[in-house]
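Close look at the chain arrangement
Each chain, letter by letter, is given below.
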Amino acid sequence: MKSIDIHAHLVPRSLWRATEAGRAWHGFRHEPGEGVGTVFGNGLRSTFSSPKVRFTPEERLADMDAQGVDVQVVSIHTPLFGYHLDGAEGLALAREVNDEIASMTKQWPTRFAGLATLPVQDVKLAVDELERAVTVLGLKGAELDTLVNGENWDEPRFLPLFKAAEAMGAVLFFHPQPQHNFMMKRTTRYGLFNSLGVIVEDAIVVAVLIYGGVLDACPNLRVCVAHGGGPACFAMGRIDRGWQGMTPAHRTIPRPPSSYQRQLYYDTVVGSEKALRFLLDEVGADRVVLGSDWPFVPWHPSPVTWLQGLASLSQDEKDQILSRNLEALLKL
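Okay, so let's go over this structure. (Residues numbered from 1 in each chain as written. Predicted model: local features only at pLDDT ≥ 70, side-chain atom pairs only at ≥ 80, totals over all residues. Heavy atoms only, no water.)

Turning our attention to the pattern of salt bridges. Opposite charge on two side chains lets them pair, provided their charged atoms get close. Within the structure shown, the criterion is met by 13 salt bridges. Ionic pairing is found between Arg 111 and Asp 65, a salt bridge with its closest N-O pair at 2.9 Å. With a gap of 46 residues between them, Arg 111 in the loop between helix H3 (87-107) and strand E6 (112-114) and Asp 65 in helix H2 (residues 57-67) connect regions that are remote in the sequence. For Arg 95, the salt bridge goes to Glu 129, with nearest N and O atoms at 3.6 Å. With Arg 95 in helix H3 and Glu 129 in helix H4 (residues 123-136), this residue pair connects regions lying 34 residues apart in the sequence. Its relative accessible area of 1% is what places Glu 129 among the buried residues. Linked through salt bridges whose partners overlap, the residues forming this network are Arg 95, Asp 99, Glu 129 and Arg 132. (Salt bridge = Lys/Arg side-chain N within 4 Å of Asp/Glu carboxyl O. Helix = DSSP H or I, 4+ residues; strand = E, 2+ residues; numbered from the N terminus. Buried < 20%, exposed > 50% of the residue type's maximum accessible area, 1.4 Å probe, protein only.)

Printed below as a string of structure tokens:
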């Protein structure tokens, strides 16, 4: 059975070339340290937790073979989005990364597909770059953060980007910052910024897309949320109750929030079989896709083997998750 992984990150080779030349990369600077060191930009420091971030495409392919992954959908490592940069510099970063990802998909078209990064701090530039990425480079859509310089995605200025993505049939994959999210304001202890902060950010973006009317305005928008959407689906009962408690004049959407769940897709990076079984029962097997969070989540031996070994899933559910859903979503 073919396997397609929607959640596979890239630290651009251009960043490592800049590092070897002693230069910053679009305002980001790599600093040596334990393991592969850290990257510093916009006043924030992110640690590289896996030596695989320096893999060449050939080494990545060998690792995919070892894990039984046939296709990776490659997207940038999220601390490198560069939304804090001015529009021109953000566009330069995006074009450089998108060209690199596209070169991988062209050289190995049966092994890689790609998602662009966009300079969403300037929506017009982001729309133009999404169009270039999809129509010229052949990428399948874009990866987006859950927040843009403190703004949520329900801000009206972002609607043209969603409209453009819908018109192009582009997939938007939402992924928060693993080491820099709201949890850092509460505590930096216990690794909660990654284990808990990330998935709460996922849930917030699900709620914002629903309540903000994005899914009403763009009913055919193709959206996937990382980490199974976090606790969003588990919390839908409470979210529905909140909507039901509003007067009709204060409701921003015409239907209960839970009725929008099936307009979204969710990956399998949920941490346990019980969580995945709940997600499948809530949204349906046709809305769940394979993700690995390569190379940052250790799998023993692989995400494919893990999924295939789950007793609570039928073979048909496994087949949908491993490839059929993404073949349709990404038009592979």
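Read across the sheet, three strands follow the order E2-E3-E4 without closing on themselves; strand pairing throughout is antiparallel. Edge strands, defined here as strands with exactly one partner in the open sheet, are strand E2 (29-31) and strand E4 (44-47). Neighbour-to-neighbour, the strand axes of this sheet turn through a mean angle of 25 degrees, independent of strand direction. For strand E3 (residues 38-41) and E4, the ladder comprises four bridges, and the chain directions are antiparallel. Bridging across to E4, Phe 40 finds its partner in Arg 45. (Pairing = 2+ DSSP bridges. Axes fitted to C-alpha atoms, helices over the stretch in contact; angles between N-to-C directions.)

This part is about helix H9 (residues 236-244). Here H9 has its buried residues at Met 236, Ile 239, Asp 240 and Trp 243. One side of H9 holds all its buried residues, which, seen down the axis, span an arc of 100 degrees. Turned more than 90 degrees off the buried face of H9, the exposed positions are Arg 238 and Arg 241. (Arc of directions from axis to C-beta.)

Moving on, we get to the nonpolar core. Core analysis: the biggest nonpolar cluster contains 85 residues, and Leu 118, Val 120, Trp 153, Leu 161, Phe 162 and Phe 174 have the highest contact counts within it. If sequence neighbours within four positions are ignored, Val 120 has contacts with Tyr 83, Ala 126, Leu 144, Val 148, Trp 153, Arg 157, Phe 158 and Leu 161. Counting 15 residues, the second largest nonpolar core, distinct from the first, contains Ile 4, Val 73, Leu 326 and Leu 330. (Core = buried A, V, L, I, M, F, W, Y, C linked by side-chain atoms within 4.5 Å. Contact = heavy atoms within 4.5 Å.)

We now examine the pairing of E3. With three bridges joining them, E2 and E3 adopt antiparallel strand pairing. Directly across from Arg 29, in E3, lies its bridge partner Phe 40. Hairpin connection from E2 to E3: six residues lie between these consecutive antiparallel strands, with Gly 35 at a positive phi of about 65 degrees. Adjacent in sequence and paired antiparallel, E3 and E4 are bridged by two residues, among which Asn 42 carries a positive phi angle near 55 degrees.

Right, let's get into the state of the cysteines. Should the sulfur atoms of two cysteines be covalently bonded, the bond is a disulfide. Going through the model one piece at a time under the given rule, you end up with zero disulfides. In this model Cys 218 remains outside any disulfide bridge; the closest cysteine sulfur is found in Cys 224, 17 Å from its own. The exposure class of Cys 218 is buried, given its relative accessible area of 1%. Considering cysteine sulfurs only, Cys 224 is the nearest to Cys 233, which forms no disulfide, with 11 Å between them. Cys 233 sits in the buried class, given a relative accessible area of 4%. (Disulfide = S-S within 2.5 Å.)

Quick look at unusual backbone geometry now. Cis rather than trans, the peptide bond between Trp 294 and Pro 295 has omega equal to 0 degrees. Along the chain, Pro 295 falls in the loop between strand E11 (288-289) and helix H11 (303-308). Cis geometry is adopted by the peptide bond preceding Pro 301, which originates at His 300 and carries an omega value of 0 degrees. Inspection of the secondary structure assignment puts Pro 301 in the loop between E11 and H11. The backbone of Tyr 190 sits at a positive phi, close to 70 degrees, despite the residue not being glycine. Tracing the chain through its elements places Tyr 190 in the loop between strand E8 (171-174) and helix H6 (192-195). Its identity is not glycine, yet Asp 293 carries a phi of approximately 60 degrees, on the positive side. Position of Asp 293 among the secondary structure elements: in the loop between E11 and H11.

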